[in-house]
Amino acid sequence: MGGTAFLVDNAVFYGLKLTVLEPKPVTAKVIAVLVATIVSYVLNREWSFRTRGGRERHHEAALFFLVSGVGLVLSSVPLWISRYVFLLETPEVSLITQEIADFVSAQVVGTLIAMVFRFWAFRKWVFPDEEAHPGRMRLAPAPKPKDEAA
């Protein structure tokens, strides 16, 4: 699920950054993360955490997007620091240096920090109960075989 969201994030980020939002890479990153977050919610709900739950769907979605908002900030900060604190942008550095710095700060460092935070927060707050899932029937455990020798 994370791999798919990562691909969506990259496609949207570079699609925007290399076209209409060329002078605004942080804005491109924020939009990319928002789109990837929507994809991520659907994939996490239906696959990664389908056996977890214990909350109403609207409450779960609100928590998911709140946690993802924190993740959005965490994933954007390294790019912002790279561009506006370290000044790793043209004309201060070459275009290739700028693009490598953008990739490393946004797509590697920012994504890793946000990914670790989101996975921890999703398990802790959004999908907390490993055994509960609203609206799904649980099967009873199979009876243990009786010992015939006793």
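Residues numbered from 1 in each chain as written. Predicted model: local features only at pLDDT ≥ 70, side-chain atom pairs only at ≥ 80, totals over all residues. Heavy atoms only, no water.

1. Regarding the overall build of the protein
So, point 1. Looking only at helices and strands, the protein features four helices and zero strands.
So, point 2. Considering the protein as a whole, with its 150 residues, one finds that 37% of them fall into the buried category.
So, point 3. As displayed, the protein has an accessible area near 9,300 Å², and 69% of this comes from carbon and sulfur atoms. (Helix = DSSP H or I, 4+ residues; strand = E, 2+ residues; numbered from the N terminus. Buried < 20%, exposed > 50% of the residue type's maximum accessible area, 1.4 Å probe, protein only. Areas by Shrake-Rupley, 256 points an atom, 1.4 Å probe, with all protein chains shown as cover.)

2. Observations concerning helix H1 (residues 2-17)
Residues spaced three or four apart along an α-helix face the same direction, because each turn holds 3.6 residues.
So, point 1. In this model, H1 (16 residues) spans 22 Å end to end at C-alpha, consistent with the 22 Å of a helix rising 1.5 Å per residue.
So, point 2. By the burial criterion, the buried members of H1 are Ala5, Asp9, Asn10, Phe13, Leu16 and Lys17. For H1, the buried positions fall inside an angular range of 150° around the axis, keeping them on one side. With respect to the buried face of H1, the exposed residues turned more than 90 degrees away are Leu7 and Ala11. (Expected span 1.5 Å × (residues − 1). Arc of directions from axis to C-beta.)

3. As for the side chain of Ser82
So, point 1. Of note, Ser82 is situated in helix H3 (residues 57-85).
So, point 2. If we ignore the near neighbours within four places in the chain, the residues touching Ser82 are Leu87, Leu88, Ala101 and Ser105. (Contact = heavy atoms within 4.5 Å.)

4. A word on the packing of aromatic side chains
So, point 1. Counted under the stated rule, the structure contains eight aromatic pairs.
So, point 2. Pairing Phe64 with Phe65 gives two aromatic rings, centres 5.4 Å apart and planes at 75°, and the pair type is edge-to-face.
So, point 3. The class of Phe64 is buried, set by a relative accessible area of 0%.
So, point 4. Relative accessible area serves as the criterion here: at 37%, Phe65 is assigned to the partly exposed category.
So, point 5. Residues Phe117 and Trp120 carry aromatic rings whose centres are separated by 6.2 Å and whose planes lie at 50° to one another, so their mutual orientation is tilted. Here Phe117 and its partner Trp120 are both found in helix H4 (residues 95-126), three residues apart, which amounts to about one turn of the helix.
So, point 6. With a relative accessible area of 44%, Trp120 lands in the partly exposed category.
So, point 7. Counting every residue linked through ring pairs, the aromatic cluster contains Tyr41, Phe64, Phe65 and Phe122.
So, point 8. Residue placement shows Lys29 over the ring face of Phe13; its charged tip is 5.6 Å from the ring centre. (Phe/Tyr/Trp six-rings, centres within 6.5 Å; stacked < 30°, edge-to-face > 60°. Lys NZ or Arg CZ within 6 Å of the ring centre and 35° of its normal.)

5. Points about a nonpolar patch on the surface
So, point 1. Taken together, the side chains of Ile96, Ile100, Phe103, Val104, Val108, Val109, Leu112, Ile113, Met115 and Val116 make up a nonpolar region of the molecular surface, amounting to roughly 850 Å² of accessible area.
So, point 2. Its place among the elements puts Val109 in helix H4.
So, point 3. What makes Val109 partly exposed here is its relative accessible area of 33%. (Patch = residues over 30% accessible without salt bridge, like charges linked within 9 Å, V, L, I, M, F, W, Y side chains within 5 Å. Salt bridge = Lys/Arg side-chain N within 4 Å of Asp/Glu carboxyl O.)

6. Side note on H3
So, point 1. Taking 1.5 Å of rise per residue, the 29 residues of H3 would be expected to cover 42 Å, and the 41 Å separating its terminal C-alpha atoms lies within 8% of that figure.
So, point 2. Residue Ser76 marks the point of greatest curvature in H3, where the axis turns by about 30°; the proline Pro78 follows within four residues.
So, point 3. Downstream of H3 by a residue or two, Leu87 has a phi angle that is positive, lying close to 55°. (Bend = angle between axes of the 7 residues up to and from the residue.)

7. Regarding unusual backbone geometry
So, point 1. Look at the link from Thr90 to Pro91: it is a cis peptide, with omega at 5°.
So, point 2. Relative to the elements of secondary structure, Pro91 occurs in the loop between H3 and H4.
So, point 3. Positive phi, close to 55°, is recorded for Leu87, a residue that is not glycine.
So, point 4. Position of Leu87 among the secondary structure elements: in the loop between H3 and H4.
So, point 5. The partly exposed category is assigned to Leu87, whose relative accessible area is 40%.

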